[in-house]
Amino acid sequence: MIFVREILRIPKQGIFRIVGVFDERAYLLDLKAPRTVIAEHSLPALALGVEKGRIEPLDGKEFNAPPNTACSEAQQTRADRHLAIVRSLIANGEQIFISSRRSRLVASAARENGICSKTVHSALYRYWRGGMTIYALMPRFETCGAPGKDKPAGGPRGRKPAEGIARAPALSAEMIKAFETCTNRYYKKSRHITLAETFRRALERLSTRCVLDEETGLPVTFVVDEDVRLPTERQFRHWYGKQNRAKSDAKARLGDAKFAMRSRARLSYAAQDNNLAGGRFIIDATKLDTNLVARHDRTAFLGTPVLYIVVDEFTALILGFWISLEEACWQSAAMAILGSVEDKVELCRRYGLVVEPWRWPVSGMAPMRYLFDRGEAKGDKASSFVEKSGLIVENTAPYRGDLKGVGEKRFDLINCAFRGEVPGSRDEDSGKRGEDDPRLESILNLDEVTQVVLACILYLNDRELKKFRRSRAMIADGVPPIASAMWDWCMRTGRVALQRFETAELAIALMPEGTGTITNQGIRFDGLFYTCERAETECWFEAVDAPGTLRKLKLSWHPWLVDAVYLHIPGEKEPLQAVLTPFSQAYAGFSFDELHASRRQGRIAEQGRRLDQVLNHAEFRNRVQFIVEGAAQERLSDLRPRDLKNARANKAAERTARRFEAKQELRERIGQHVSADRPLLGSNRQIDDLGEGEID
């Protein structure tokens, strides 16, 4: 069968569209002809040619006008008008396909509608060629006017300026070259230079020159021509817009990483591979937008604390947090992770809040993986945590904060809640001229801010998130976009990927790992010695150098307290706690940072006393050398072997002589003491000067 609008390829003749069928006659439009060329063919012959394969039917995509649903009102009006004219012509039946009669019909339709015959001919040709639909008659305004091509300079350009203002000159080759040079040299290479500044530098290049004064050697800038006509900034921006270089310039100004982060296509979302609660927990830190004062002195300003939060990626539930004065570090992140596993009823009670277990039903559970942002989790501590816990730690790519957007948004919500309620909170205008300094309003200490953060987390977990993305199953079950409701739904339906973890077990895994050495003083780690009941019972510290004895042990330690370490015994799952020996008790209560600082201060003090110690040692050596040299001068010759035989007799004689000298010295001291005392009243006795008693 042959139908109207069908396109046929006839060998050795061309490609045609069937525009009309009457009885056994078919009228075909030559689609390759630049004007309307219609040929008459036998309909049975065409059908036979198609059946035999000599004539090939085509799909028509190359020639049919595509649907245009975004057309303007002017385009639609013109297309409707031309369609009405074409339909009135086609209503004449077979006459419109005969060339001589078609010309008279077109001329008549042109007179009736007040347009020229050429317009009607063009509309009829476009209608037949473009698929015989209204879209074929849709005007293509976007192709009019040679877009993207420079127009030859003619008369004055642009609208007439206000009276007294000179008309802008046409852009010359020199102006365009100055635009290109300054854009490439300044705007493209520095993100701090704006288009306005680039334009000013182009004007400087066009109108001024700089030379060095021969006498002073200083630069002198002068105007080349007082009558020079300069382009306007509007002309410069119009020229820049025509260059189609905004994307390449933005990439050069920002760098590939920042450009990709800000301007890339966003057809997916970060959590699209996670459809389970606990599939991934996001951990992130930020400076809280509120200022603190000291706990014991509210006039002592402290600044802003650091807040860590742990958020479930799938449900946006905040599971744990940690707020402190420490900077962002692994230990603070570990405390936030530990808080996510801790019993929330006990956690809230510790900060003075009473909640029911159903209000925050998260305890004793860890996810399949944690997501960090290439900070705390890049290093040996995170690797040790993975090895000991079996959990997965992931890091985002550089400059990809959007991969943990759920966590970033929780920070924004917490800070927004703080700004309206907590004195001393700052915003984006804080610090600008004319704005009050929020630091002067600070009244809360760290403990009170922690209570506020905890209350804010409970509020956000129950707050409706109108634009939060829910899964198809959530929508089908009517789960509201509330974090706690979505978490409860996941628990009820089994859509979870959580693992059971005890708080103590996870705490050991989060601690950094080290190696202790077994010595006869205890287990030495970082210069301190530890012991435990089992080690003393099994005599670990005896014969430590004997072959086959255990010399090294892996252990976990808490950076904030040196009092205990946890030993990992080979073949045993549970760690063994070891405490400081009496030898190291002087450092009890120290953190390892304080221990290192104390040792560092000791080394500094030792370095300051070094010269005194050198002097002290030099005095000792010089005094000994003086004594030895004096004794050597009194001895006439060296001892002979036969002189060593009488050592016992010589020693006894020397001892007797020295005893007698000591006795005499002692008697002299006693006699001097007695003579210095006042004599007794009524006594005429005198003391013998030789010390042999009283004289009668």
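Reference entry: report on the structure contained in this document. (Residues numbered from 1 in each chain as written. Predicted model: local features only at pLDDT ≥ 70, side-chain atom pairs only at ≥ 80, totals over all residues. Heavy atoms only, no water.)

A few words now on helix H4 (residues 117-129). The end-to-end C-alpha distance of H4 is 18 Å, a good match for the 18 Å that 13 residues give at a rise of 1.5 Å each. Every buried residue of H4 is listed here: Val120, Ala123, Leu124, Tyr125, Tyr127 and Trp128. For H4, the secondary structure elements touched by its buried residues are strand E2 (14-22), strand E3 (25-30), strand E4 (38-42), helix H2 (73-90) and helix H3 (99-113). Of the residues trailing H4, glycine 131 is marked for its positive phi of about 110°. (Helix = DSSP H or I, 4+ residues; strand = E, 2+ residues; numbered from the N terminus. Expected span 1.5 Å × (residues − 1). Buried < 20%, exposed > 50% of the residue type's maximum accessible area, 1.4 Å probe, protein only. Contact = heavy atoms within 4.5 Å.)

In this section: the pattern of salt bridges. For the structure shown, the criterion picks out 30 salt bridges. For glutamate 62, the salt bridge is made with lysine 32, and the minimal N-O distance between the two is 3.9 Å. Of this pair, glutamate 62 sits in the loop between strand E5 (56-58) and H2 while lysine 32 sits in the loop between E3 and E4, and the two are 30 residues apart along the sequence. Accessibility assignment for this pair places glutamate 62 and lysine 32 in one class, exposed. Through salt bridges that share partners, Asp273, Arg280, Glu313, Arg369 and Glu394 make up one connected network. (Salt bridge = Lys/Arg side-chain N within 4 Å of Asp/Glu carboxyl O.)

So, about the side chain of asparagine 291. Mapped onto the elements of the fold, asparagine 291 is located in the loop between strand E8 (281-287) and strand E9 (292-293). Here glycine 424 takes part through its backbone oxygen, which lies 2.8 Å from a polar atom of the side chain of asparagine 291. Not counting residues up to four positions away in its chain, the partners in contact with asparagine 291 are Phe301, Gly303, Thr304, Gly424, Pro438, Arg439, Ser442 and Leu444. (Polar contact = N/O pair within 3.5 Å; in protein donor to acceptor, adjacent residues only side chain to side chain.)

With that out of the way, let us pick up the sheet that holds strand E19 (residues 528-531). Taken together, six strands build a closed barrel; the order of strands is E17-E18-E19-E22-E21-E20 and the barrel is antiparallel. For this sheet, the mean angle separating the axes of adjacent strands, direction not counted, is 45°. Pairing between strand E17 (residues 513-519) and strand E20 (residues 552-557): five bridges, direction antiparallel. Note on E20: the bridge partner recorded for glycine 514 is leucine 555. (Pairing = 2+ DSSP bridges. Axes fitted to C-alpha atoms, helices over the stretch in contact; angles between N-to-C directions.)

Just distances and angles here, no functional claims.
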